[in-house]
Amino acid sequence: MATTDLKLDEPGTLPKPGPVGRVTRLALGLLCVWYVSELLGVQSDLVDRQGDIRETIWNGILPGLFLISYIVNIGFSRTWKKWPVLISAATLLAIAVLAPDRLARSIWVWELYLYGHLGISFLLAALIGTPGCEMRALHDLYSRISGIPTKEHYCPVGPLNPIDQWEARR
């Protein structure tokens, strides 16, 4: 079962992704970039004529709430468990109740960060072959530039860990 607990492995512990793992990371990165471009496309028109939040914005909220704890915990080397999702949900709910006219913009900004960070991480992980989770790609790049080893983290959700394990066995 996927956990948001942070368990960093020593450098060199996880297998480097092979071609299938890198192409998968590239495809997921391009999907995130596409969604960010869709969000940017509705930037000046977040609500429709009836005052409803555009479907484009609603499309990313559930996956975003599912992913935010992994993105924050693994990407920033934090052990905040489910706090990122709880804080995100509570904040968006408070905005919905206290300032509903700002809800669309708040979700939009939150999703831009989330899918932008995720997309950049996937693309970078595909480009440099980061082992394990794409959220460690910026750490991996820093490690390669500085020569200071950084710890790794396996992918707790999604297809990357099984793909990397399969490619390593081949």
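Residues numbered from 1 in each chain as written. Predicted model: local features only at pLDDT ≥ 70, side-chain atom pairs only at ≥ 80, totals over all residues. Heavy atoms only, no water.

**Q** Quick one: what's the story with the packing of helix α1 (residues 19–41) against helix α7 (residues 160–169), residue by residue and with numbers?
**A** The geometry of α1 relative to α7 is characterised by a closest axis approach of 8 Å and an angle of 160° between their N-to-C directions. As the angle between them shows, α1 and α7 are arranged roughly antiparallel. Counting all contacts with α1, which are made through Pro19, Val20, Gly21, Thr24 and Arg25, the residues of α7 involved are Leu160, Ile163, Asp164, Trp166 and Glu167. A breakdown of the residues in the contact of α1 with α7 according to their chemical character gives five nonpolar, two polar and three charged. (Axes fitted to C-alpha atoms, helices over the stretch in contact; angles between N-to-C directions. Helix = DSSP H or I, 4+ residues; strand = E, 2+ residues; numbered from the N terminus. Parallel < 35°, antiparallel > 145°, perpendicular 65-115°, else oblique. Contact = heavy atoms within 4.5 Å. Nonpolar A, V, L, I, M, F, W, Y, C, P; charged D, E, K, R; others polar.)

**Q** Just give me the short version of the nonpolar core, but keep the residues and values in it.
**A** Counting 31 residues, the largest nonpolar core has Ile57, Ile107 and Leu118 as its most contacted members. Residue assignment for this core shows that the elements contributing at least two residues are α1, α3 (61–75), α4 (83–98) and α5 (103–128). The leading source of residues in this core is α5, at nine residues. Leu118 has contacts with Cys32, Leu67, Ile71, Glu134 and Met135, leaving out every residue within four places of it along the chain. (Core = buried A, V, L, I, M, F, W, Y, C linked by side-chain atoms within 4.5 Å. Buried < 20%, exposed > 50% of the residue type's maximum accessible area, 1.4 Å probe, protein only.)

**Q** Please set out the pattern of salt bridges residue by residue, giving values where relevant.
**A** Within this structure, the stated rule accounts for five salt bridges. Between Glu10 and Lys151 there is a salt bridge, and its shortest N-O distance comes to 3.1 Å. In this pair, Glu10 sits in the segment before α1 while Lys151 sits in the loop between α6 (137–146) and α7, placing the two residues 141 residues apart along the sequence. (Salt bridge = Lys/Arg side-chain N within 4 Å of Asp/Glu carboxyl O.)

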